[in-house]
Every structure is written in C-alpha cells, then in structure tokens.
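# Structural description and commentary
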Amino acid sequence: MEGIYQFLDALLPFEWAEFAFMKNALLAVLIITPLFGLTGTMIVNNKMSFFSDALGHSAMTGIAIGVLLGVDNYLFSMLGFALLFALAISSIIESGTSSSDTIIGVFSSAGVALGIVLLSINGGFSKYSNYLIGDILAIRPSELLMLLIVLIAVLLLWFFCFNRLMTASLNPDLAASKRINARLYNTLFVVAIALIVTVSIKWVGILIINSLLVLPAASARNLAKGMRSYHGLSVLISLFSGVCGLIVSYYLGTAAGGTIVLVAAVLFFLSFIINRCRDKA
Amino acid sequence: MPASNFSCGCKCSVNIKNLGVRRGSQVILHDVNLSAHHGEILALIGRNGAGKTTLLKAIMGRIPHTGTVEFFNPKGERIQNPRIGYVPQHLAFDRSTPVTVADLFCANCGRLPVWLGHRKAQLARAEQMLRKVGLVNQLDKKLGSLSGGELQRVLLAFALDPMPDMLLLDEPVSAVDRLGTGLFYELVTSLRSEYHMPVLLVSHDLGHVKRYATAAAFIDRTVIMRNTVDKVLNNPEVRETFGLDIVGV
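Residues numbered from 1 in each chain as written. Chains lettered and ligands numbered in written order. Predicted model: local features only at pLDDT ≥ 70, side-chain atom pairs only at ≥ 80, totals over all residues.

### Section: the overall build of chain B
In terms of regular secondary structure, chain B is built from nine helices and ten strands. Taken over the C-alpha trace, chain B has a radius of gyration of 19 Å; the compact-globule value for 249 residues is 18 Å, and the two agree within 12%. If one aligns the C-alpha atoms of chain B with their principal axes, the spans along those axes are about 55 × 40 × 40 Å. (Helix = DSSP H or I, 4+ residues; strand = E, 2+ residues; numbered from the N terminus. Rg over C-alpha atoms; globule rule 2.2 N^0.38 Å.)

### Digging into the overall build of chain A
Broken down by element type, chain A carries twelve helices and zero strands. Of the regular secondary structure in chain A, the N- to C-terminal order runs α-α-α-α-α-α-α-α-α-α-α-α. Against the globule reference of 19 Å for 281 residues, chain A gives a C-alpha radius of gyration of 19 Å, in line with a compact fold. Judged by the C-alpha coordinates and their principal axes, chain A covers about 55 × 55 × 35 Å. In chain A, which comprises 281 residues, the proportion classed as buried is 49%. (Buried ≥ 20, exposed ≤ 12 C-beta atoms within 10 Å, placed from the backbone.)

### As for the interface of chain A and chain B
In this complex, chain A contributes 22 residues to the contact, which on the side of chain B involves 26 residues. Those elements that place two or more of their residues in the side of chain A that touches chain B are α7 (141-170), α8 (172-177) and α11 (227-252) of chain A. Grouping the amino acids of the side of chain A that touches chain B by side-chain chemistry returns ten nonpolar, seven polar and five charged. (Contact = placed C-beta atoms within 7 Å. Nonpolar A, V, L, I, M, F, W, Y, C, P; charged D, E, K, R; others polar.)

### Quick notes on the sheet that holds strand β7 (residues 166-170) of chain B
All names here are of chain B. Spatial ordering of the open sheet is given by β6-β7-β8-β3-β9-β10, a layout of six strands whose pairing is mixed. The open sheet terminates on both sides in strands that have one partner only, identified here as β6 (84-87) and β10 (223-227). Looking at each pair of strands side by side, their axes are set apart by 15 degrees on average, direction ignored. Looking at chain direction, strand β3 (residues 41-45) and strand β8 (residues 199-202) are connected through four bridges and run parallel. When the bridges of β8 are listed, Leu42 appears paired with Leu200. Along the sheet, helix α4 (residues 148-159) contacts β6 and β7; its crossing angle with β6, the most-contacted strand, is approximately 175 degrees. (Pairing = 2+ DSSP bridges. Axes fitted to C-alpha atoms, helices over the stretch in contact; angles between N-to-C directions.)

### Brief notes about the pairing of β7(B)
Residues and elements named next belong to chain B. Counted residue by residue, β7 has five buried out of five residues, so it is predominantly covered. Here β7 shows a buried face lined by Met166, Leu168 and Asp170 and a second buried face lined by Leu167 and Leu169. The pairing of β6 with β7 spans four bridges and is parallel. Within the sheet, the bridge partner assigned to Ile84 lies in β7 and is Met166. Sheet analysis places β7 next to β8, joined by four bridges and oriented parallel.

### Considerations on the packing of α7(A) against helix α9 (residues 182-204) of chain A
All names here are of chain A. Orientation of α7 relative to α9, taken along the N-to-C sense of each, is 155 degrees, at an axis distance of 10 Å. What the angle tells us is that α7 and α9 run roughly antiparallel. In this structure, α7 meets α9 at a crossing whose hand is left-handed. Residue-level contacts link Met146, Leu147, Val150, Val154, Leu157, Cys161, Arg164, Leu165 and Ala168 of α7 to Ala182, Tyr185, Asn186, Leu188, Phe189, Ala192, Leu195, Ile196, Val199 and Ser200 of α9. Residues that form the contact of α7 with α9 fall into these classes: 16 nonpolar, two polar and one charged. (Parallel < 35°, antiparallel > 145°, perpendicular 65-115°, else oblique. Left-handed = near helix turned anticlockwise from the far one by under 90°.)

### What about the packing of helix α3 (residues 49-69) of chain A against helix α4 (residues 75-95) of chain A?
For any two helices packed against each other, the geometry is given by the interaxial angle and the distance between the axes. Residues and elements named next belong to chain A. Two numbers describe how α3 lies on α4: the axes approach to 7 Å, and their chain directions differ by 140 degrees. By the angle between their directions, the pair α3 and α4 is classed as oblique. Between α3 and α4 lies a crossing whose hand is right-handed. Contact residues: α3 offers Phe51, Ala54, Leu55, Ser58, Ala59, Thr61, Gly62, Ile63, Ile65, Gly66 and Leu69, while α4 offers Ser77, Met78, Phe81, Ala82, Phe85, Ala86 and Ile89. Per-class residue counts for the contact of α3 with α4 are 13 nonpolar, five polar and no charged.

### Some remarks on the confidence of the model for chain B
Residue and element names in this part refer to chain B. When pLDDT is averaged along chain B, the result is 86, and 93% of the positions lie at 70 or above. Mean pLDDT per element in chain B: helix α9 (residues 244-247) is the minimum at 66, and helix α2 (residues 101-107) is the maximum at 94. Residue range residues 1-10 is modelled with pLDDT below 50. Its contacts to residues more than four positions away, or to other chains, number 17 contacts. Across the interfaces of the predicted complex, the ipTM metric reaches 0.86, alongside a pTM of 0.87. (pLDDT = per-residue confidence, 0-100.)

### Here's the deal with the pairing of β8(B)
Burial along β8(B) is two-sided: B:Val199 and B:Leu201 and B:Leu200 and B:Val202, pointing in opposite directions, are all buried. Assessed by its sense of winding, the connection that carries the chain from β7(B) through helix α5 (residues 178-195) of chain B to β8(B) is right-handed. (Right-handed = clockwise from strand over helix to strand, strands pointing away.)

### A look at helix α12 (residues 256-280) of chain A
Residue and element names in this part refer to chain A. Its 25 residues give α12 an end-to-end C-alpha distance of 37 Å, which sits within 8% of 36 Å, the value for a rise of 1.5 Å per residue. All buried positions along α12 are accounted for by Ala256, Gly257, Thr259, Ile260, Val261, Val263, Ala264, Leu267, Phe268 and Ser271. Summarising the contacts, the buried residues of α12 are in contact with α2 (20-45), α6 (130-133), α9, α10 (209-223) and α11. (Expected span 1.5 Å × (residues − 1).)

### Structural notes on unusual backbone geometry
Residues and elements named next belong to chain B. Across the junction of Asp161 and Pro162, the peptide omega takes the value 0 degrees, indicating a cis bond. Looking at the element boundaries, Pro162 is found in the loop between α4 and β7. A positive phi angle is found at Glu171, which is not glycine, with a value near 45 degrees. With respect to the helices and strands, Glu171 occurs in the loop between β7 and α5. Backbone geometry at Arg221 places phi at a positive 65 degrees, although glycine is not the residue there. The class of Arg221 is partly exposed, set by 19 C-beta atoms lying within 10 Å.

What follows is the structure, encoded as structure tokens:
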C-alpha cells in the first residue's frame, strides 16, 4: 500500500491528493467506476435500471438483519438478503403474472420499509443514515482489496460470458436456438449485480448507487455505434465522472457520491444533446 | 397419418414423438407425432392459438415438454446436440440497442467478447453469410436501424451460421414487403436444395404455403393431418378453418 501511495504522490502533486483518505478514495473510484460502467451497459440494455435500484434499497433490510444478528460486518447479511431478493424478483417476473415494474416496485418499497422498521426497533435509525448517502472517504485499504477482487470477478464474467449474455438479452428465443439458456445467464447477471451493489453500497450510498450504475451506460448508449464503443464510452464516462466528482467534492466540501453523480448527470444531458443534433444532421 | 416414418432411416431428419406442452392446467399441445425429412419444407398451418409457435419452441428446447424430439443426420445417425436455425416472426428486441449486425454474428461464432472487438476472420465469415442472403456492407449497422426485410434476412443468415441441422421459420415474412417475401422464400428454397436440411415453416399465408412448401401439417393442439400441400389444403376441416370456400383459393 505504501508503494501505491508514493506512486500517487509522485503522479499527483496536488493539494487534494496529499491526504491518505483521499488517496484511498481515489483508488476506490478507480476500481468502482469501471465496474459500474461495464455492468451498467447490460443493466440499461436489459431495461433493469429499476431492478438495480430496488436491489440498492434492499440493502436497508440486509443491514437491519445484520444488526439483529449482532454481527459487526453487515456485508454478508446484505449480500445474502440481496441475493434472495434478486432471485425472488426475477423468478416472479418470469412467471409472468404481473408487469415487471409493479413487482419491482412492490419489492423495492417492502425492502426499504422492512429495513426502516427493523432498524428503528432498537432506538435511533440515525446511526445508519450514513448508508443512505455513503462515504467513500472512509474506505480502508482492506476494503479496497475486496473491491478489487469483485472487479476481477466481474471482468472474468464479462470476458467469458458476455457474448451469450448479450444474445440472451437480445431475445431469449433466438438465444435458445443457439443453445443458450437465457434464464441461466439472466440469473448469473442478476447475482453479479447483487454482488456489485452490496460491496459498494457503503461507499456510494443507497440513494445514489443506481445513478452511478445507470447514468454512464445511458450516456454511452446515446453515443455508441456498437458494443465496443458502448462499453468503452461507458467505462470512460464512469471513470471521468468518478475522478472529476471526487476532486470537485474536495474543493467544494460536498459529499463525494452526490458530486460524482451530478457530473455523470451533466454528461448524460450532453450526450443526449449530441445524439439529438446528430440525428437531425 | 403421423409419423412412424422412422423405418425410412436415412430420410428422416427430425422425429417428434408424443410431444405435449402444458401451461398450468391448460393443455397447449398433446400427443404430437410428426416427422420431417431431409430437404423437405414442411408447412405448419392452423388457426391462431393452435400451438404452432409453441411446437417450434418445444423443438428448440425453449419450453418444457413431454415426449421426445430426436434429430438424425442424412446417414440416419442420431444427432445428440442438433444445431437449430430459427427465424422468428417478429424479433422482439429493443430497437435502440447498440448491437450491430457484426456484434450479433461475432458473439455467436467466437470466444472473443464483442465488447473488446471483432476478429477479422469472424467479420469476413459474417460478411460471407450475409452475401448469401443478398446483403452487402451491413455489418456496422445497428440491428434497430435495419428495415423489416433486411432484419429478416440478417436473421436468416444468423440462423445459417453454423449451418443448422434444421431450420425453423415462424411466419418469417409477416413484416416484409412483397419483393422481400419473394426473395426470402427463393433463398429458403435454394438452401433446401443445396444443404438438404428440413425446414419447418409456420405460415398463415396459404399462398406462400402452396407455392413454397413441399408438405403440410394441419395443427390444432395436435397434428390433425400431415400430407402433401394439396391434400391438406383440400381437407374440409382446413378449408373451414381458413374460410377457403368463401374466398375460393
């Protein structure tokens, strides 16, 4: 870790980069944003942005379960509940009894409500409120390592399974004709999102995690000419918003997560305008 | 009537035995026995909701079913993992998706993930497949920007790569103009004579069936009859279902 810090000091001789917590935050941003940029492409393609939002909300209940079980680290209770939650939503959607936005809406509200109720049992809800907006400046090196492992796992998934994931998302019947089990790949993807949302929610925050997943990919989609540029742009926009937002938040003294999302939102509107102008031309 | 043409050995390409599909308590298909031969274009006709599309999905293994579907190569040997080419009636997909024709092809013929790019050999192969269906320089186009006829031909080319053991066409030209329809069927007919694959064609247009199919099966939750196209179209029950006596086809 010392070596990395020295490298960052040499590379970034700026005021904001002097502090160890800013260096950690920068490293976290450099890991989280490509991860979000990459997976966001499929979330947007599969029209699952509402779904990932609900997953973020379910973290509230996950934390509450952790508190009730008396564990120190809420990661596993969040992950367990998020997986259960994600698989329940996707299996109910697949049964085709109700429209998917209704089902997700019901789950999302129930997830938040249950979390609030459980957390308020033992008095103050307020000590958990930092989960709502997240605090990337509080990240520690050991947690960076965990994020890095998740990034590598998702990169492997994206490397080995993306082609089939894409065909399955395009049309399940077409995928079936190529012997691709759309349901299996959909489940795999849902599990991956649950993992990503869970491990990063403490740093990014329940309220804005979904913006960070969806905005870069949505901007990239406005500009992309194919799958390669879609992914490239999404990762670049995500990285740029992350680094830019972190630095701006330091000088303005604002919350990092929110500032990052604001930068991403501005980029989205820019991409939207560029796309409109290009269509007219 | 249906099916144990099994004895014909080398000619039989797909053999469906006692196939049934249920959705909840509802029986969609029952006791389907049907076989298709190499080089045959077998039209599946029937009223809406008769189970034609469901039958195709069951053959692809997309939905759970009872009974068996067995495939055989021209030598009469059983194929364990058959390749199936499928051209749907109307590909339900998000038209604004940034998936290009090249992405679609390369995602299914190689290991390199398409978000990292395409290999030249794969692109050349895709271009070659597209030429077969009369499309040139369409690789960089997004799927959503293709016209109805172009998309159906892209899907046909996609269905043919790798060359399938059976081709399933589910009303492949319902969204295509007249010229495109002619082109599409000419192509299917030439493929059939070139590669001798069996083709199952679901169509509502009995004109197309008469013109391009070599045999027909009348489906209503099961196979009511399977015979030559003329015999099936002259069956009173078929004429009743399609109102043929009124329009006088």
